[in-house]
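Survey of secondary and tertiary structure
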Amino acid sequence: MSQNSNTEDTIDLKELFFSLIAQWKLIALCVILSLVCALLYLRTTPDTYAVDALVQVEESKGTSAALLGDLSSMIEQKQPAQAEIELLKSRLVLGSVIQNLNLDLKISGTENSFFNRLLSPHDYQTTYNKNAVIFKDDAKSFDVRKFDIPTYYLDKNLLLNFNGNKYTLTDAKTKQVIFSAVTNQESQHTSEYGTWKIALYTQDQLKNTYNIEKMSLPAAMLSITENYSVAEKGKLTGILGLNYQGQDKEHITNVLNSILVAYSQQNIERRSAETAQTLKFLDEQLPELKQQLDVAEREFNKFRQQYNTVDVTKESELYLTQSIQLETSKAEIEQKLAEAAAKYTNEHPAMQQMNAQLGAINKKIGELNDTLKQLPDLQRRYLQLYREVEVKTQLYTALLNSYQQLRIAKAGEIGNVRIVDTAVLPIEPIKPKKLQILILAIFLGGFLGTLLALLRNMMHSGIKDSNQIENELDLPVYATVPRSPTQESRIKLLKKKKSIPILAIKNGDDIAIESLRSMRTAIHFALNNAKNNIIMISGPAPEVGKSFISTNLAAILAQSNKRVLIIDADMRRGYLHKYFNHDNLPGLAEYLNTQQTLDSIIKPTEIPHLDVITRGKSPVNPSELLSSAKFAAMFEQLSPMYDHIIIDTPPVLAVTDGIIISQYAGVNLVIARYAKSQMKELELTVNRFEQVGVKVNGFILNDIQRGSGGYGYGYGYGYGYNYAYGYKASKNND
């Protein structure tokens, strides 16, 4: 059982393979069409280039560390790479690039459709710089040096038309002219929507129409970010990769380098702003502190002049030293608090820590002041004035040093961003990838061709194996007849009302005829057990090849020195007379209507030992004529006169004529057509015969195509005929 299953699988795969080989022209056509589409796509699709750059984000402290000292390490925050990525995509950076290069102005040609690019492509090129936007159309060009329009017309497509030394702007939707001016000068016009200021220069005579659009900042940003990307190289490396794509390689290189310059400048300005803010604070504090120092010195000098020298004890000197240190520390912390308050809120850990330190120092100062109050009044006043002078002097000196350090730091400010790689002009485009597209087109065409071939096989889901008939109907297949291209070409003559040559006579070595010759022995054994020598050829439906099989079988039998008579019993649409180049009249219909004698309707042919009875004029009631006693008596007269009588009948499932005729035949053969006749049709045909007590002797599988399962001889032959059977009687007499 397993072995049989494997055999069937092998046969199925073989049949599938040969069926695809048989339809190689369809598959090749799909591949060619796919390649043509790919070539059209490559011709009409412009090349896309990409440029890239690298930026390193360095970790460094701000210049305010000059004031904050070691405390700066506590409040300094690392700048994450993601923040710099967002800055590189922000309006702060891209907006300045758009403004500097006039990237908010979009110009394009109107003759840029698929067919224009295919048949008559234009070389459109737009160059952006700070002073103007230059648009080139092949050898001609024009410059847009100013294009300020009302806000109402932002993001709207306008049509630019030239006429001599004048130009007009037309609303693409309303087709209304909204601005007109002279070229090579700046023009200004005020409308209901605002003021127009346009300067357009050209030295060429332009006749084409162009699209021009002034984009708003969000729209211009979108036009850049659609092809612009920034990502960190690796994890926590601080190296950012920038990528920009476009069709003009010089333009995208210029844009990406401009983004790098704008980003670097804003980074330096941001860090310089911090230094400038600190210097501004010191500029305000130093004069005030100098004034306080001058007041303290005058008060101290005045006290000394009044009381001369005051004897200060060792204990008082100790108190004085402690007081000076505490006041100096207090002043420094207050200075740092003022600096840090510009950056952080009171809830920041650094602010909370400095406030705690300041509170501790104030507490110590309060305790020391309480101790000083216990000293003699003259010493106490001396110590207070001397302390003020010392504290102010040290604080002023420290701030002055910090001021000088910040000035030096500002002069050497370079920012924390380093441009590692700038954008360079690309050489090869990144898309379309021509080789990949062509290879993909070949595979896609082959896939579609194979799919169509399989669908065609599915649509032709008829019988493709003689074993199927023998296994399911338990009836033998007498012959399998391959397709003949010779007969296929000749059958086209039928439509032109000409005679059809008999294949067995004109091409006796044709493979289809050889197959019919091989069944003579089988017919001989079938006739030995038959009641007479009448062979009926029938079929379940039209276009299975009954007339072809009947005619050539009769010719083959006649060539073996047998007297053969072939009868065209298809009185509705029979055309056997065309094979033998005879008139249709008189025929079988005239004999059954008692209009002609039997001898008058038997017509000799050019083939020795072969006679024919044509169908005659199409009667109104062919079934009644075939059921008459005269039809039965005709066979009794003809049977002794011939060795074989072959009857070509109408389709069994279409009309009842074949069932009626089968009762007089000794051998009944049914024609099935490869890949067209359905097994259900054959079952119904056999059932029709069995209902009237007639046994079907066997089948003939006709029109076997090259590569069929089980019959894959690889023959290049075939035959098929396009006779469309009609179920109504023909109205002509032929």
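Sequence order as written defines residue numbering, which begins from 1 separately in each chain. Under the rules for a predicted model, residues below a pLDDT of 70 receive no local features and side-chain atom pairs below 80 are neither given nor counted, while totals for whole chains, interfaces and linings still include all residues. Values shown for side chains rest on all heavy atoms present in the structure; no hydrogens or waters enter the calculation.

A count of helices and strands for the protein gives 26 helices and 22 strands. With 734 residues in all, the protein has 46% of them scored as buried. In the protein, of all internal contacts separated by at least 6 residues, the share reaching a separation of at least 24 is 77%. Each accessible area is a Shrake-Rupley result for a 1.4 Å probe, and residues are judged covered by the shown protein chains and nothing else. Entry remark: accessible area of the protein is about 38100 Å², with carbon and sulfur atoms responsible for 51%. Numbering goes from the N terminus for both helices and strands, where a helix is a DSSP run of H or I of at least four residues and a strand is a run of E of at least two. The rule is simple: take the accessible area with a 1.4 Å probe, protein chains only, and divide by the maximum for that residue type; under 20% is buried, over 50% is exposed, in between is partly exposed. Note on contacts: a residue pair is in contact if any heavy atoms of the two residues lie within 4.5 Å.

Helical geometry note: an α-helix holds 3.6 residues per turn, so side chains three or four residues apart project in the same direction. To estimate how far a helix should extend, the number of its residues minus one is multiplied by 1.5 Å. The terminal C-alpha atoms of helix 26 (residues 679-691), which comprises 13 residues, lie 18 Å apart, in line with the 18 Å expected from a rise of 1.5 Å per residue. Along helix 26, the residues classified as buried are Met679, Leu682, Thr685, Val686 and Phe689. Within helix 26, the buried residues cover an arc of 120 degrees as seen down the axis, which keeps them to one side. Facing away from the buried surface of helix 26 by more than 90 degrees, the exposed residues are Lys680 and Gln691. Where the residues of helix 26 are buried, they touch helix 14 (466-473), strand 16 (534-538), helix 25 (657-662), strand 21 (667-673) and strand 22 (698-704). Phi for Gly693, located one or two positions after helix 26, is positive at around 75 degrees. An arc is given here, and it is the one of the directions from the helix axis to the C-beta atoms.

Before going further, it helps to examine the packing of helix 14 against helix 26. Axis definition: a line fitted to C-alpha atoms, limited for helices to the stretch in contact. Angles are taken between N-to-C directions and run from 0 to 180 degrees. Running from N to C, helix 14 and helix 26 point in directions that differ by 45 degrees, and their axes come no closer than 11 Å. One element, helix 14, and the other, helix 26, form an angle in the oblique class. Crossing of helix 14 over helix 26 shows right-handed handedness. Every residue of helix 26 that contacts helix 14 at Gln468, Ile469, Glu472 and Leu473 is listed here: Met679, Leu682, Glu683 and Val686. Each angle gets one of four labels, with under 35 degrees taken as roughly parallel, over 145 as roughly antiparallel, 65 to 115 as roughly perpendicular, and the rest as oblique. Crossing handedness is read from the near helix: turned anticlockwise from the far helix by less than a right angle, it gives a left-handed crossing, and turned clockwise, a right-handed one.

Next up on the list: the sheet that holds strand 21. Each pair of strands is called paired provided DSSP finds at least two bridges between the two strands. One open sheet accounts for 8 strands, arranged 15-22-21-16-20-17-19-18; its pairing is mixed. Every interior strand has two partners, whereas the edge strands, strand 15 (477-482) and strand 18 (603-604), have only one. Bridge count between strand 15 and strand 22: 5 bridges; the pairing is parallel. Its bridge partner lying in strand 22, Ala479 is registered against Ile700. Across the face of the sheet, helix 26 comes into contact with strand 16, strand 21 and strand 22 while running at roughly 165 degrees to strand 21.

Core analysis: the biggest nonpolar cluster contains 57 residues, and Phe142, Leu169, Tyr228, Leu242 and Ile259 have the highest contact counts within it. Considering every element that reaches this core, the biggest residue donor is helix 9 (residues 249-307), with 7 residues. Look past the residues within four positions of Tyr228 in its chain and what remains in contact with it is Leu88, Lys89, Leu94, Leu242, Asn243, Tyr244, Leu256 and Ile259. By nonpolar core we mean a set of buried residues, namely Ala, Val, Leu, Ile, Met, Phe, Trp, Tyr and Cys, connected to one another through side-chain atoms within 4.5 Å. Listed in part, the 46 residues of the second largest apolar core include Leu592, Leu625, Val670 and Ile704.

Glycine aside, a negative phi is what most residues show, and trans is what most peptide bonds show. Backbone torsion omega between Lys431 and Pro432 reads 0 degrees, so that peptide bond is classified as cis. Looking at the element boundaries, Pro432 is found in the loop between strand 14 (417-421) and helix 13 (434-459). Cis peptide bonds are those with omega within 30 degrees of zero, and the linkage from Leu585 to Pro586 qualifies with -10 degrees. If you trace the backbone, Pro586 turns up in the loop between helix 20 (576-579) and helix 21 (588-592). Even without being glycine, Asn102 reaches a positive phi, approximately 55 degrees. Inspection of the secondary structure assignment puts Asn102 in the loop between helix 6 (91-101) and strand 2 (105-109). Classification of Asn102 by relative accessible area gives partly exposed; the value is 21%. Located in the positive-phi region is His609, a residue other than glycine, with phi close to 70 degrees. Owing to a relative accessible area of 37%, His609 belongs among the partly exposed residues under this scheme.

Time to look at the side chain of Arg673. Residue placement: Arg673 occurs in strand 21. Residue class for Arg673 comes out buried when judged on its relative accessible area of 11%. Here a polar contact is taken to be a pair of N or O atoms separated by no more than 3.5 Å, where protein atoms must pair a possible hydrogen donor with a possible acceptor and residues adjacent in sequence count only if both atoms sit in side chains. Only 3.0 Å separates the side chain of Arg673 from the side chain of Asp703, close enough to count as a polar contact.

This brings us to the sheet that holds strand 3 (residues 124-128). Read from one edge of the open sheet, 5 strands run 3-4-5-10-9, paired in antiparallel fashion. Bordering the open sheet on either side are strand 3 and strand 9 (185-191), each of which pairs with just one other strand. Geometrically, the sheet is characterised by an average inter-axis angle of 20 degrees between neighbouring strands, direction not taken into account. For strand 3 and strand 4 (residues 133-137), the ladder comprises 5 bridges, and the chain directions are antiparallel. From the neighbouring strand, Thr127 faces strand 4, where its bridge partner is Ile134.

Here is the key point about a regular strand: its side chains alternate between the two faces of the sheet. Of the two faces of strand 19 (residues 610-613), the one lined by Leu610 and Val612 and the one lined by Asp611 and Ile613 are each fully buried. The pairing of strand 17 (residues 564-568) with strand 19 spans 4 bridges and is classified as parallel. Of the residues in strand 19, the one forming a bridge with Ile567 is Ile613. Bridge analysis of strand 18 against strand 19 gives 2 bridges, and the strand direction is antiparallel. Counterpart to Lys603 in the pairing with strand 19 is Val612.

Okay, the packing of aromatic side chains next. Within 6.5 Å between ring centres, the rings of Phe, Tyr and Trp (the latter by its six-membered ring) count as paired, and their orientation is classed by plane angle as stacked under 30 degrees, edge-to-face over 60, tilted in between. Under the definition given, this model contains 17 aromatic pairs. Ring plane angle 40 degrees and centroid distance 5.6 Å describe the contact between Phe135 and Phe142, whose orientation is recorded as tilted. Judged on exposure class, the residue Phe135 and its partner Phe142 are both buried. Both rings, one in Phe162 and one in Tyr210, keep their centres 6.3 Å apart while their planes meet at 75 degrees; by these two values the pair is edge-to-face. Of the two residues, Phe162 sits in strand 6 (residues 158-163) while Tyr210 sits in strand 11 (residues 209-214), which places them 48 residues apart along the sequence. Within the aromatic cluster, the residues linked to one another by ring pairs are Tyr152, Tyr153, Tyr167, Phe179, Tyr193 and Trp196. Only when the NZ atom of a Lys or the CZ atom of an Arg is both within 6 Å of the ring centre and within 35 degrees of the ring normal do we say a charge sits over the ring. In this structure, Arg145 packs its charged tip against the face of Tyr201, placed 3.9 Å from the ring centre. Taking the ring centre of Tyr152 as reference, the NZ or CZ of Lys156 above it sits at 3.5 Å.

Attention shifts here to a nonpolar patch on the surface. A cluster of nonpolar side chains, namely Leu444, Phe447, Leu448, Leu451, Leu452, Leu455 and Met458, defines an oily patch on the protein surface of about 660 Å² accessible area. Structurally, Met458 can be placed in helix 13. Two distance rules govern patches: like charges are joined within 9 Å, and nonpolar side chains (Val, Leu, Ile, Met, Phe, Trp, Tyr) within 5 Å, applied only to residues with over 30% relative accessible area and no salt bridge. By definition, a salt bridge exists where a carboxyl oxygen of Asp or Glu is found within 4 Å of a side-chain nitrogen of Lys or Arg.

With that out of the way, let us pick up the packing of helix 2 (residues 24-44) against helix 13. Closest axis-to-axis distance for the helix 2/helix 13 pair is 7 Å, and the angle between their directions is 145 degrees. Crossing angle aside, the handedness with which helix 2 passes helix 13 is right-handed. Three classes are used: nonpolar for Ala, Val, Leu, Ile, Met, Phe, Trp, Tyr, Cys and Pro, charged for Asp, Glu, Lys and Arg, and polar for all others, with Gly counted as polar. Across the contact of helix 2 with helix 13, the residue classes break down as 17 nonpolar, 5 polar and 2 charged.

Tracing the chain through its elements places Gly95 in helix 6. In the structure, Gly95 is positioned 123 residues away from Pro218 in sequence and 9.2 Å away in space, judged by C-alpha atoms. The residues contacting Gly95, other than those within four sequence positions of it, are Ser90, Leu217 and Met221.

Looking now at the environment of Leu653. Here Leu653 shows up in the loop between strand 20 (644-648) and helix 25. A sequence separation of 28 residues divides Leu653 from Glu681, and the C-alpha atoms of the two residues are 7.9 Å apart. Among residues more than four places away in sequence, those in contact with Leu653 are Pro540, Glu681, Leu684, Thr685 and Arg688.

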